[in-house]
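Here is what each chain is made of, one letter per residue.
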Amino acid sequence: MNTESWGLELSPEEIRLKNLPSKVTRVPKIEKKMDIVTIAEGLLYIVGDDGLKLEQLAATLERSEEETLGILSVIRQRYDSPDHGMELVSYAGKYKFVSKREIYPYAQRLYHNFKPETLSQSALETLAIIAYKQPVTRIEIEELRGVGCEVMLRKLQARNLIKEAGRSEAPGRPILYEVTDEFLDSFELVSLEELPELPSYEEDEAKDLYE
Amino acid sequence: MPFEAKTLQFEGPLDLMLHLISEHKLDILDLDMDVLADQYLSYLQQMEEKHLEIESEYLVELATLIEYKSKKLLPKREGAEEEEEDPKDVLVRRLLEYQRYKEAASELYEAYQSRQALFSRPPGDAEDYGEEKDRLEGNPYDLLKAMSKVLKRVQLSKPIETNWTKREISLEDRELQLKVRLREMPEDFTLEQYLSDVKDSYEFVVSFLAILDLAKEHVLVFTVDEEERIWFRRGVDYEH
(Lines give C-alpha, C1' and ligand atoms only; values in the text may rest on other atoms or scores of the structure.)
Protein backbone atom coordinates (compact mmCIF):
# COMPACT_ATOMS: atom_id res chain seq x y z
CA MET A 1 0.00 0.00 0.00
CA ASN A 2 1.26 3.37 -0.91
CA THR A 3 1.39 5.62 2.11
CA GLU A 4 1.24 8.75 0.05
CA SER A 5 -2.29 7.88 -1.07
CA TRP A 6 -3.45 8.32 2.55
CA GLY A 7 -2.18 11.81 2.58
CA LEU A 8 0.37 10.90 5.23
CA GLU A 9 3.87 12.17 5.01
CA LEU A 10 6.65 10.29 6.65
CA SER A 11 8.74 12.23 9.08
CA PRO A 12 12.46 12.37 8.44
CA GLU A 13 12.92 10.05 11.38
CA GLU A 14 10.50 7.54 9.94
CA ILE A 15 12.21 7.71 6.57
CA ARG A 16 15.47 7.09 8.35
CA LEU A 17 13.95 4.08 10.11
CA LYS A 18 12.51 2.79 6.88
CA ASN A 19 15.92 2.71 5.30
CA LEU A 20 17.43 0.80 8.18
CA PRO A 21 18.17 -2.88 7.68
CA SER A 22 15.08 -4.88 8.56
CA LYS A 23 16.96 -6.82 11.24
CA VAL A 24 16.99 -3.82 13.49
CA THR A 25 13.51 -3.74 14.90
CA ARG A 26 14.14 -1.70 18.00
CA VAL A 27 15.54 1.73 17.85
CA PRO A 28 16.26 3.47 21.13
CA LYS A 29 13.91 6.41 21.43
CA ILE A 30 15.74 9.61 20.84
CA GLU A 31 15.33 11.53 24.06
CA LYS A 32 14.55 15.08 23.35
CA LYS A 33 14.99 17.39 26.27
CA MET A 34 11.69 19.11 26.96
CA ASP A 35 11.97 22.83 26.68
CA ILE A 36 11.06 24.73 29.88
CA VAL A 37 8.68 26.92 27.91
CA THR A 38 6.88 23.83 26.66
CA ILE A 39 6.57 22.52 30.21
CA ALA A 40 5.06 25.80 31.35
CA GLU A 41 2.65 25.63 28.45
CA GLY A 42 1.56 22.14 29.51
CA LEU A 43 1.04 23.26 33.08
CA LEU A 44 -1.09 26.18 31.94
CA TYR A 45 -3.18 23.75 29.95
CA ILE A 46 -3.75 21.54 32.99
CA VAL A 47 -4.85 24.31 35.34
CA GLY A 48 -7.49 25.61 32.92
CA ASP A 49 -9.52 28.53 34.16
CA ASP A 50 -8.07 28.30 37.66
CA GLY A 51 -4.95 29.82 36.17
CA LEU A 52 -1.49 29.96 37.67
CA LYS A 53 0.08 32.69 39.75
CA LEU A 54 3.58 33.76 38.81
CA GLU A 55 4.92 32.46 42.14
CA GLN A 56 3.19 29.13 41.66
CA LEU A 57 4.61 28.63 38.20
CA ALA A 58 8.09 29.79 39.22
CA ALA A 59 8.12 27.38 42.18
CA THR A 60 6.89 24.50 40.01
CA LEU A 61 9.49 25.11 37.32
CA GLU A 62 12.16 25.86 39.94
CA ARG A 63 13.01 29.09 38.21
CA SER A 64 13.20 32.65 39.44
CA GLU A 65 10.15 34.84 38.98
CA GLU A 66 12.03 37.01 36.51
CA GLU A 67 12.90 33.99 34.43
CA THR A 68 9.33 32.72 34.67
CA LEU A 69 8.04 36.07 33.44
CA GLY A 70 10.32 35.63 30.43
CA ILE A 71 8.95 32.14 29.84
CA LEU A 72 5.39 33.47 30.05
CA SER A 73 6.10 36.23 27.57
CA VAL A 74 7.54 33.68 25.14
CA ILE A 75 4.30 31.68 25.42
CA ARG A 76 2.23 34.80 25.04
CA GLN A 77 4.07 35.80 21.89
CA ARG A 78 3.86 32.29 20.52
CA TYR A 79 0.10 32.26 20.92
CA ASP A 80 -0.34 35.78 19.60
CA SER A 81 0.30 34.40 16.14
CA PRO A 82 -2.77 33.64 14.02
CA ASP A 83 -1.65 30.00 14.02
CA HIS A 84 -3.28 29.55 17.40
CA GLY A 85 -6.88 29.75 18.56
CA MET A 86 -5.93 30.46 22.13
CA GLU A 87 -4.14 33.21 23.92
CA LEU A 88 -2.49 33.67 27.28
CA VAL A 89 -4.12 36.20 29.60
CA SER A 90 -3.35 37.23 33.16
CA TYR A 91 -6.43 38.40 35.01
CA ALA A 92 -6.42 38.81 38.77
CA GLY A 93 -2.74 37.97 38.74
CA LYS A 94 -3.34 34.53 37.29
CA TYR A 95 -2.10 33.30 33.95
CA LYS A 96 -4.46 31.19 31.91
CA PHE A 97 -5.33 30.17 28.41
CA VAL A 98 -8.55 31.46 26.87
CA SER A 99 -9.96 31.10 23.40
CA LYS A 100 -9.31 34.10 21.21
CA ARG A 101 -11.91 36.78 20.68
CA GLU A 102 -12.17 35.79 17.01
CA ILE A 103 -13.47 32.38 18.07
CA TYR A 104 -16.47 33.85 19.87
CA PRO A 105 -18.87 34.18 16.91
CA TYR A 106 -18.16 30.55 16.03
CA ALA A 107 -18.67 29.47 19.61
CA GLN A 108 -22.06 31.16 19.51
CA ARG A 109 -22.84 29.23 16.36
CA LEU A 110 -21.68 26.02 17.98
CA TYR A 111 -23.80 26.53 21.10
CA HIS A 112 -27.04 27.79 19.66
CA ASN A 113 -28.61 28.73 22.94
CA PHE A 114 -25.48 30.34 24.30
CA LYS A 115 -26.28 33.50 26.20
CA PRO A 116 -23.57 35.65 27.70
CA GLU A 117 -24.15 36.57 31.32
CA THR A 118 -25.34 40.08 31.84
CA LEU A 119 -25.00 42.63 34.60
CA SER A 120 -27.67 45.24 35.18
CA GLN A 121 -26.87 48.93 35.32
CA SER A 122 -27.44 48.99 39.07
CA ALA A 123 -25.14 45.99 39.51
CA LEU A 124 -22.45 47.75 37.51
CA GLU A 125 -22.81 50.99 39.43
CA THR A 126 -22.60 49.17 42.73
CA LEU A 127 -19.54 47.25 41.55
CA ALA A 128 -17.89 50.42 40.29
CA ILE A 129 -18.34 52.13 43.65
CA ILE A 130 -16.96 49.15 45.55
CA ALA A 131 -14.03 48.70 43.17
CA TYR A 132 -12.97 52.36 43.36
CA LYS A 133 -13.65 52.95 47.04
CA GLN A 134 -13.13 49.59 48.66
CA PRO A 135 -13.47 48.63 51.39
CA VAL A 136 -16.84 50.35 51.68
CA THR A 137 -19.97 49.92 53.74
CA ARG A 138 -23.46 49.51 52.40
CA ILE A 139 -24.41 52.97 53.70
CA GLU A 140 -21.57 54.61 51.77
CA ILE A 141 -22.69 52.92 48.56
CA GLU A 142 -26.31 53.88 49.16
CA GLU A 143 -25.40 57.51 49.82
CA LEU A 144 -23.57 57.64 46.53
CA ARG A 145 -26.25 55.96 44.48
CA GLY A 146 -29.22 57.48 46.27
CA VAL A 147 -30.98 54.11 46.43
CA GLY A 148 -30.98 51.07 48.68
CA CYS A 149 -28.48 48.38 47.77
CA GLU A 150 -29.02 45.59 50.23
CA VAL A 151 -30.52 43.12 47.74
CA MET A 152 -27.96 44.04 45.12
CA LEU A 153 -25.09 43.42 47.52
CA ARG A 154 -26.47 39.99 48.30
CA LYS A 155 -26.82 39.21 44.59
CA LEU A 156 -23.27 40.30 43.86
CA GLN A 157 -22.03 38.23 46.75
CA ALA A 158 -23.91 35.22 45.41
CA ARG A 159 -22.19 35.73 42.06
CA ASN A 160 -18.87 35.87 43.88
CA LEU A 161 -18.06 39.32 42.50
CA ILE A 162 -17.81 40.95 45.93
CA LYS A 163 -17.04 39.68 49.41
CA GLU A 164 -17.20 40.88 52.96
CA ALA A 165 -13.96 42.36 54.21
CA GLY A 166 -14.32 42.71 57.95
CA ARG A 167 -16.19 45.47 59.69
CA SER A 168 -15.82 49.22 59.79
CA GLU A 169 -14.94 50.96 63.04
CA ALA A 170 -17.92 53.28 62.49
CA PRO A 171 -20.87 53.07 64.92
CA GLY A 172 -22.71 49.81 64.54
CA ARG A 173 -19.59 48.29 63.02
CA PRO A 174 -21.11 47.90 59.55
CA ILE A 175 -19.82 45.23 57.17
CA LEU A 176 -17.18 46.32 54.67
CA TYR A 177 -17.26 45.08 51.11
CA GLU A 178 -14.55 44.61 48.52
CA VAL A 179 -14.32 43.03 45.09
CA THR A 180 -13.07 39.48 44.52
CA ASP A 181 -10.52 37.94 42.15
CA GLU A 182 -13.55 36.75 40.21
CA PHE A 183 -14.43 40.41 39.69
CA LEU A 184 -10.95 41.19 38.35
CA ASP A 185 -11.19 38.23 36.00
CA SER A 186 -14.66 39.22 34.79
CA PHE A 187 -13.46 42.72 33.97
CA GLU A 188 -10.13 41.78 32.39
CA LEU A 189 -8.10 43.31 35.17
CA VAL A 190 -4.77 42.14 36.52
CA SER A 191 -5.30 44.19 39.67
CA LEU A 192 -7.38 47.13 40.86
CA GLU A 193 -4.59 49.51 39.88
CA GLU A 194 -5.55 48.77 36.31
CA LEU A 195 -9.00 50.33 36.75
CA PRO A 196 -9.43 53.26 34.40
CA GLU A 197 -9.20 56.56 36.19
CA LEU A 198 -12.48 57.93 37.46
CA PRO A 199 -13.73 60.70 35.19
CA SER A 200 -13.18 63.99 36.96
CA TYR A 201 -15.98 66.27 35.64
CA GLU A 202 -14.23 69.52 36.28
CA GLU A 203 -14.03 68.58 39.87
CA ASP A 204 -11.88 71.58 40.64
CA GLU A 205 -14.58 73.92 39.43
CA ALA A 206 -17.09 71.96 41.41
CA LYS A 207 -14.92 72.32 44.47
CA ASP A 208 -14.86 76.09 43.97
CA LEU A 209 -18.60 76.04 44.25
CA TYR A 210 -18.64 75.02 47.84
CA GLU A 211 -15.56 76.71 49.07
CA MET B 1 -56.86 50.14 37.73
CA PRO B 2 -54.55 47.95 35.69
CA PHE B 3 -51.80 46.33 37.66
CA GLU B 4 -48.40 47.80 36.84
CA ALA B 5 -45.36 46.37 38.52
CA LYS B 6 -42.83 48.27 36.48
CA THR B 7 -40.82 50.90 38.24
CA LEU B 8 -39.04 53.96 36.91
CA GLN B 9 -36.47 53.31 34.24
CA PHE B 10 -33.83 55.10 36.25
CA GLU B 11 -31.31 53.78 38.69
CA GLY B 12 -32.53 56.18 41.33
CA PRO B 13 -33.37 59.81 41.96
CA LEU B 14 -29.85 60.99 41.13
CA ASP B 15 -29.97 59.17 37.81
CA LEU B 16 -33.33 60.77 37.07
CA MET B 17 -31.97 64.22 37.92
CA LEU B 18 -28.96 63.72 35.66
CA HIS B 19 -31.35 62.74 32.90
CA LEU B 20 -33.49 65.86 33.45
CA ILE B 21 -30.40 68.06 33.57
CA SER B 22 -29.15 66.81 30.22
CA GLU B 23 -32.63 66.78 28.70
CA HIS B 24 -33.27 70.42 29.62
CA LYS B 25 -29.68 71.43 28.98
CA LEU B 26 -29.14 72.68 32.48
CA ASP B 27 -25.66 73.57 33.65
CA ILE B 28 -24.82 71.07 36.31
CA LEU B 29 -22.23 73.38 37.90
CA ASP B 30 -24.64 76.31 38.03
CA LEU B 31 -27.75 74.33 38.62
CA ASP B 32 -31.13 75.99 38.23
CA MET B 33 -32.87 74.33 41.13
CA ASP B 34 -36.30 75.74 40.25
CA VAL B 35 -36.30 74.15 36.81
CA LEU B 36 -34.93 70.91 38.17
CA ALA B 37 -37.51 70.75 40.95
CA ASP B 38 -40.38 71.47 38.53
CA GLN B 39 -39.20 68.90 36.01
CA TYR B 40 -38.57 66.35 38.71
CA LEU B 41 -42.05 66.82 40.14
CA SER B 42 -43.75 66.67 36.76
CA TYR B 43 -41.87 63.52 35.90
CA LEU B 44 -43.03 61.82 39.09
CA GLN B 45 -46.59 62.98 38.39
CA GLN B 46 -46.45 61.45 34.94
CA MET B 47 -45.25 58.23 36.45
CA GLU B 48 -48.11 58.29 38.90
CA GLU B 49 -50.64 58.80 36.10
CA LYS B 50 -49.23 55.75 34.38
CA HIS B 51 -49.69 53.81 37.63
CA LEU B 52 -46.00 53.20 37.93
CA GLU B 53 -44.72 52.49 41.37
CA ILE B 54 -42.58 55.31 42.67
CA GLU B 55 -39.96 54.15 45.12
CA SER B 56 -39.58 56.00 48.35
CA GLU B 57 -36.06 57.15 47.44
CA TYR B 58 -37.53 59.37 44.72
CA LEU B 59 -39.90 60.97 47.18
CA VAL B 60 -37.10 61.69 49.66
CA GLU B 61 -35.22 63.66 47.02
CA LEU B 62 -38.44 65.38 45.94
CA ALA B 63 -38.89 66.56 49.51
CA THR B 64 -35.36 67.98 49.46
CA LEU B 65 -36.02 69.86 46.23
CA ILE B 66 -39.29 71.28 47.48
CA GLU B 67 -37.72 72.26 50.76
CA TYR B 68 -35.05 74.14 48.87
CA LYS B 69 -37.64 75.93 46.79
CA SER B 70 -39.78 76.90 49.76
CA LYS B 71 -36.79 78.21 51.70
CA LYS B 72 -35.98 80.54 48.86
CA LEU B 73 -39.44 82.08 49.10
CA LEU B 74 -38.88 83.06 52.69
CA PRO B 75 -37.02 86.28 53.41
CA LYS B 76 -33.41 85.63 54.31
CA ARG B 77 -32.45 86.18 57.86
CA GLU B 78 -29.15 87.98 57.88
CA GLY B 79 -26.26 85.77 58.96
CA ALA B 80 -28.58 83.25 60.51
CA GLU B 81 -27.65 80.14 58.58
CA GLU B 82 -24.40 81.21 57.06
CA GLU B 83 -22.50 78.21 58.29
CA GLU B 84 -24.87 75.62 56.92
CA GLU B 85 -23.82 74.33 53.53
CA ASP B 86 -26.07 75.35 50.69
CA PRO B 87 -28.26 72.32 49.90
CA LYS B 88 -27.80 73.15 46.24
CA ASP B 89 -24.05 72.66 46.55
CA VAL B 90 -24.61 69.41 48.39
CA LEU B 91 -26.88 68.19 45.61
CA VAL B 92 -24.50 69.28 42.85
CA ARG B 93 -21.64 67.50 44.56
CA ARG B 94 -23.71 64.35 44.92
CA LEU B 95 -24.76 64.50 41.28
CA LEU B 96 -21.19 64.95 40.10
CA GLU B 97 -19.96 62.13 42.29
CA TYR B 98 -22.73 59.85 41.12
CA GLN B 99 -22.04 60.74 37.50
CA ARG B 100 -18.41 59.69 37.90
CA TYR B 101 -19.38 56.23 39.03
CA LYS B 102 -22.07 55.96 36.41
CA GLU B 103 -19.46 56.64 33.75
CA ALA B 104 -17.06 54.23 35.39
CA ALA B 105 -19.82 51.62 35.39
CA SER B 106 -20.31 51.87 31.66
CA GLU B 107 -16.56 51.57 31.11
CA LEU B 108 -16.58 48.50 33.30
CA TYR B 109 -19.40 47.08 31.26
CA GLU B 110 -17.33 47.26 28.11
CA ALA B 111 -14.57 45.28 29.80
CA TYR B 112 -17.15 42.83 31.08
CA GLN B 113 -18.61 42.24 27.65
CA SER B 114 -15.16 41.90 26.16
CA ARG B 115 -14.26 39.24 28.73
CA GLN B 116 -17.45 37.33 27.93
CA ALA B 117 -16.08 36.59 24.48
CA LEU B 118 -13.11 34.72 25.92
CA PHE B 119 -13.58 31.17 27.11
CA SER B 120 -11.44 29.05 29.33
CA ARG B 121 -11.64 25.41 30.27
CA PRO B 122 -12.25 23.93 33.68
CA PRO B 123 -9.04 22.68 35.29
CA GLY B 124 -7.81 19.16 34.61
CA ASP B 125 -8.13 16.25 36.99
CA ALA B 126 -4.90 16.96 38.82
CA GLU B 127 -6.68 18.37 41.83
CA ASP B 128 -5.34 20.06 44.90
CA TYR B 129 -2.42 21.76 43.27
CA GLY B 130 -1.08 24.90 44.81
CA GLU B 131 -3.54 26.21 47.34
CA GLU B 132 -5.10 23.74 49.69
CA LYS B 133 -8.70 23.09 49.04
CA ASP B 134 -11.30 21.53 51.25
CA ARG B 135 -12.39 18.68 49.10
CA LEU B 136 -14.70 15.86 49.86
CA GLU B 137 -12.88 12.68 49.13
CA GLY B 138 -14.36 9.24 49.08
CA ASN B 139 -15.65 6.32 47.08
CA PRO B 140 -18.81 4.21 47.21
CA TYR B 141 -17.18 1.91 49.78
CA ASP B 142 -16.54 4.80 52.13
CA LEU B 143 -20.16 5.71 51.76
CA LEU B 144 -21.16 2.14 52.49
CA LYS B 145 -18.95 2.06 55.58
CA ALA B 146 -20.37 5.33 56.79
CA MET B 147 -23.89 4.07 56.23
CA SER B 148 -23.32 0.85 58.17
CA LYS B 149 -21.82 2.93 60.98
CA VAL B 150 -24.95 5.01 61.07
CA LEU B 151 -27.11 1.89 61.15
CA LYS B 152 -25.02 0.45 63.99
CA ARG B 153 -25.37 3.64 65.92
CA VAL B 154 -29.11 3.56 65.45
CA GLN B 155 -29.20 0.01 66.73
CA LEU B 156 -27.06 0.92 69.71
CA SER B 157 -29.21 3.87 70.52
CA LYS B 158 -32.39 1.81 70.52
CA PRO B 159 -31.87 -0.08 73.82
CA ILE B 160 -30.94 3.16 75.48
CA GLU B 161 -34.20 4.64 74.36
CA THR B 162 -36.25 1.67 75.51
CA ASN B 163 -34.47 1.63 78.87
CA TRP B 164 -35.59 5.15 79.26
CA THR B 165 -39.25 4.25 78.94
CA LYS B 166 -38.80 1.25 81.29
CA ARG B 167 -37.33 3.43 83.99
CA GLU B 168 -40.54 5.33 84.01
CA ILE B 169 -42.34 2.32 85.44
CA SER B 170 -41.84 2.79 89.14
CA LEU B 171 -42.29 0.11 91.72
CA GLU B 172 -45.51 1.77 92.91
CA ASP B 173 -46.93 1.88 89.41
CA ARG B 174 -46.07 -1.74 88.80
CA GLU B 175 -47.75 -2.71 92.08
CA LEU B 176 -50.88 -0.96 90.90
CA GLN B 177 -50.70 -2.71 87.55
CA LEU B 178 -50.30 -6.08 89.24
CA LYS B 179 -53.22 -5.39 91.55
CA VAL B 180 -55.39 -4.74 88.51
CA ARG B 181 -54.06 -7.85 86.79
CA LEU B 182 -54.88 -9.85 89.87
CA ARG B 183 -58.60 -9.41 89.15
CA GLU B 184 -58.31 -11.25 85.84
CA MET B 185 -56.31 -14.16 87.25
CA PRO B 186 -57.87 -17.56 88.07
CA GLU B 187 -57.93 -18.69 91.70
CA ASP B 188 -54.54 -20.33 91.45
CA PHE B 189 -51.99 -19.05 88.97
CA THR B 190 -48.30 -19.34 88.28
CA LEU B 191 -45.64 -16.65 88.20
CA GLU B 192 -45.38 -17.11 84.43
CA GLN B 193 -49.08 -16.45 84.00
CA TYR B 194 -49.03 -13.48 86.33
CA LEU B 195 -46.06 -11.84 84.64
CA SER B 196 -46.95 -12.70 81.04
CA ASP B 197 -46.87 -8.98 80.22
CA VAL B 198 -43.21 -8.63 81.20
CA LYS B 199 -40.92 -7.95 78.24
CA ASP B 200 -37.44 -7.73 79.71
CA SER B 201 -35.35 -8.38 82.77
CA TYR B 202 -35.76 -4.89 84.14
CA GLU B 203 -39.52 -5.20 84.14
CA PHE B 204 -39.16 -8.63 85.68
CA VAL B 205 -37.07 -7.27 88.55
CA VAL B 206 -39.53 -4.47 89.22
CA SER B 207 -42.42 -6.92 89.03
CA PHE B 208 -40.69 -9.31 91.40
CA LEU B 209 -40.10 -6.54 93.93
CA ALA B 210 -43.71 -5.50 93.50
CA ILE B 211 -44.87 -9.05 94.16
CA LEU B 212 -42.80 -9.21 97.33
CA ASP B 213 -44.42 -5.98 98.48
CA LEU B 214 -47.88 -7.28 97.62
CA ALA B 215 -47.14 -10.47 99.54
CA LYS B 216 -46.04 -8.46 102.54
CA GLU B 217 -49.30 -6.49 102.36
CA HIS B 218 -51.18 -9.82 102.20
CA VAL B 219 -52.70 -8.87 98.88
CA LEU B 220 -51.51 -12.24 97.61
CA VAL B 221 -49.88 -15.36 98.95
CA PHE B 222 -47.52 -17.75 97.20
CA THR B 223 -46.24 -21.28 97.46
CA VAL B 224 -43.49 -23.17 95.65
CA ASP B 225 -44.29 -26.72 94.52
CA GLU B 226 -42.03 -29.74 94.04
CA GLU B 227 -41.15 -28.65 90.52
CA GLU B 228 -40.05 -25.26 91.89
CA ARG B 229 -42.94 -23.51 90.19
CA ILE B 230 -44.25 -20.49 92.03
CA TRP B 231 -48.01 -20.44 92.58
CA PHE B 232 -50.08 -17.47 93.65
CA ARG B 233 -53.45 -17.01 95.23
CA ARG B 234 -55.30 -13.90 96.40
CA GLY B 235 -54.45 -12.89 99.93
CA VAL B 236 -56.60 -11.84 102.87
CA ASP B 237 -56.21 -8.16 102.21
CA TYR B 238 -57.18 -8.45 98.55
CA GLU B 239 -60.14 -6.21 97.76
CA HIS B 240 -62.00 -7.05 94.56
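Residues numbered from 1 in each chain as written. Chains lettered and ligands numbered in written order. Predicted model: local features only at pLDDT ≥ 70, side-chain atom pairs only at ≥ 80, totals over all residues.

Caption draft 1: Just the overall build of chain A, in detail. Within chain A one finds 10 helices and six strands. A burial count over chain A gives 23% of its 211 residues as buried. Here the analysis covers contacts within chain A between residues at least 6 apart in sequence; of these, 44% occur between residues at least 24 apart. (Helix = DSSP H or I, 4+ residues; strand = E, 2+ residues; numbered from the N terminus. Buried ≥ 20, exposed ≤ 12 C-beta atoms within 10 Å, placed from the backbone. Contact = placed C-beta atoms within 7 Å.)

Caption draft 2: Representation of the overall build of chain B. Regarding its fold elements, chain B presents eight helices and three strands. Across chain B, the fraction of contacts at a sequence separation of at least 24, relative to all contacts at a separation of at least 6, is 56%.

Caption draft 3: Layout of the sheet that holds strand β2 (residues 86–91) of chain A. Residue and element names in this part refer to chain A. The strand order β1-β3-β2 describes an open sheet built from three strands, whose pairing is antiparallel. Sheet topology places β1 (52–53) and β2 at the edges, where each strand pairs with a single neighbour. The pairing of β2 with strand β3 (residues 94–99) spans six bridges and is antiparallel. Its bridge partner lying in β3, methionine 86 is registered against serine 99. (Pairing = 2+ DSSP bridges.)

Caption draft 4: Representation of the nonpolar core within the structure. Judged by nonpolar contacts, the single largest core of 46 residues is most densely connected at Leu127, Ala128, Ile130 and Phe183 of chain A together with Leu108 of chain B. Here this core takes nine residues from helix α4 (residues 87–116) of chain B, the largest share from any one element. For isoleucine 130 of chain A, the residues in contact, after removing those within four places along its chain, are Val136, Ile141, Ile162, Tyr177, Glu178 and Val179 of chain A. Grouped together as the second largest cluster of nonpolar side chains are 11 residues, Val47, Leu57, Ile71 and Phe97 of chain A included. (Core = buried A, V, L, I, M, F, W, Y, C linked by C-beta atoms within 7 Å.)

Caption draft 5: Inspection of the confidence of the model for chain B at higher detail. Residues and elements named next belong to chain B. Confidence in the prediction for chain B averages 79 pLDDT; 80% of positions are at 70 or higher. Mean pLDDT across the elements of chain B bottoms out in helix α5 (residues 140–167) (65) and peaks in α4 (90). In the model output, the complex is listed with pTM 0.61 alongside ipTM 0.73. (pLDDT = per-residue confidence, 0-100.)

Caption draft 6: Structural view of the interface of chain B and chain A. Taken together, the 39 residues of chain B in the interface contact 42 residues of chain A. Of all elements in the fold, only α1 (13–23), α3 (56–73) and α4 of chain B reach the threshold of two or more residues within the side of chain B that touches chain A. Examining the composition of the side of chain B that touches chain A, we find that 21 residues originate from one element, α4 of chain B, more than from any other. Residue composition of the side of chain B that touches chain A, by class: 19 nonpolar, seven polar and 13 charged. (Nonpolar A, V, L, I, M, F, W, Y, C, P; charged D, E, K, R; others polar.)

Caption draft 7: Highlighting the sheet that holds strand β5 (residues 162–167) of chain A. Here three strands make up an open sheet; going across it, the order is β4-β6-β5 (chain A) and the pairing antiparallel. Two strands lie at the open edges of the sheet, namely β4 (136–137) and β5 of chain A, each paired on one side alone.

Caption draft 8: Quick look at the environment of arginine 233 of chain B. Residue and element names in this part refer to chain B. Positionally, arginine 233 belongs in strand β3 (residues 230–234). Take arginine 233: there are 14 C-beta atoms within 10 Å of it, and that puts it in the partly exposed class. Spatially, the C-alpha atom of arginine 233 lies 9.0 Å from that of valine 219, the residues being 14 residues apart in sequence. Here arginine 233 is in contact with Glu187, Asp188, Leu220 and Val221, once residues within four sequence places are set aside.

Caption draft 9: Structural view of unusual backbone geometry. Residues and elements named next belong to chain A. In the segment running from glutamine 134 into proline 135, the intervening peptide bond is cis, with an omega of -5°. Its location among the elements puts proline 135 in the loop between α6 (121–133) and β4. Positive phi is not limited to glycine here, since glutamate 62 has a value of about 55°. Among the secondary structure elements, glutamate 62 is positioned in the loop between α3 (54–61) and α4 (65–80).

Caption draft 10: Representation of the packing of α1 of chain B against α4 of chain B in the model. Residues and elements named next belong to chain B. Across the interface, α1 lies against α4 with an axial gap of 10 Å and an inter-helix angle of 95°. Viewed along their axes, α1 and α4 adopt a mutual orientation that is roughly perpendicular. Residues Leu14, Met17 and Leu18 of α1 touch α4, and the partners they reach there are Arg94, Leu95, Tyr98 and Gln99. By residue class, the composition of the contact of α1 with α4 is five nonpolar, one polar and one charged. (Axes fitted to C-alpha atoms, helices over the stretch in contact; angles between N-to-C directions. Parallel < 35°, antiparallel > 145°, perpendicular 65-115°, else oblique.)

Caption draft 11: Molecular detail of helix α2 (residues 33–49) of chain B. Residue and element names in this part refer to chain B. End to end, α2 covers 24 Å across 17 residues, agreeing with the expected 24 Å (1.5 Å per residue, within 8%). All buried positions along α2 are accounted for by Leu36, Ala37, Gln39, Tyr40 and Tyr43. Residues of α2 that are buried make contact with α1 and α3. Phi turns positive, to about 60°, at histidine 51, one or two residues after α2. (Expected span 1.5 Å × (residues − 1).)

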